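These are the residues of each chain, in order.
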Amino acid sequence: WSWISNSLYHGAMGAMQGMNATQIYDRIASVLWDTQVAQWAFWIPVQLLNFQFVPVRHQLNVVLLTSVAWTALLSAWYPPEEEKAEEEGKNTVDK
């Protein structure tokens, strides 16, 4: 399921950034595996701790709050292309 949801996330973000279908496909192809690995590294420990230590009646709240953090991380890791270009330009000027 996560392959589909991650593809939809990156596809929707590309569409909202004004990319065409080819650019969106290339974006998904270039970041899907890295996103999947990061998702495993993030969510598996969260869920292990959640199921081990959080009472059942609060487990959904933990997942909902953690989802906000996960989405923020995705947004930080994959900023719009214009922001990437600006950051690269600043890095070359700073050096």
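Residues numbered from 1 in each chain as written. Predicted model: local features only at pLDDT ≥ 70, side-chain atom pairs only at ≥ 80, totals over all residues. Heavy atoms only, no water.

Brief notes about the overall build of the protein chain
Counting its regular elements, the protein chain contains 4 helices and 0 strands. Each helix (α) and strand (β) of the protein chain, taken in turn from the N terminus, gives the series α-α-α-α. Going through the 95 residues of the protein chain one by one, you find that 28% of them count as buried. Long-range pairs, those at least 24 residues apart, make up 59% of the contacts in the protein chain between residues at least 6 apart in sequence. Roughly 6800 Å² of accessible area belongs to the protein chain as shown, and the carbon and sulfur atoms make up 66% of that amount. (Helix = DSSP H or I, 4+ residues; strand = E, 2+ residues; numbered from the N terminus. Buried < 20%, exposed > 50% of the residue type's maximum accessible area, 1.4 Å probe, protein only. Contact = heavy atoms within 4.5 Å. Areas by Shrake-Rupley, 256 points an atom, 1.4 Å probe, with all protein chains shown as cover.)

Things to note about the nonpolar core
Within soluble globular proteins, side chains that are nonpolar generally end up buried alongside one another. Tyr9, Val31, Ala38, Phe42, Trp43, Val46, Trp70, Leu74 and Tyr78 together form the largest nonpolar core, which totals 9 residues. Broken down by secondary-structure element, the contributors of at least two residues to this core are helix H2 (21-53) and helix H3 (56-77). At 5 residues, the largest contribution of residues to this core is made by H2. The contacts of Tyr9, once residues within four sequence positions are left out, are Thr71, Leu74 and Ser75. (Core = buried A, V, L, I, M, F, W, Y, C linked by side-chain atoms within 4.5 Å.)

Without other data, these values stay purely geometric and don't point to any function.
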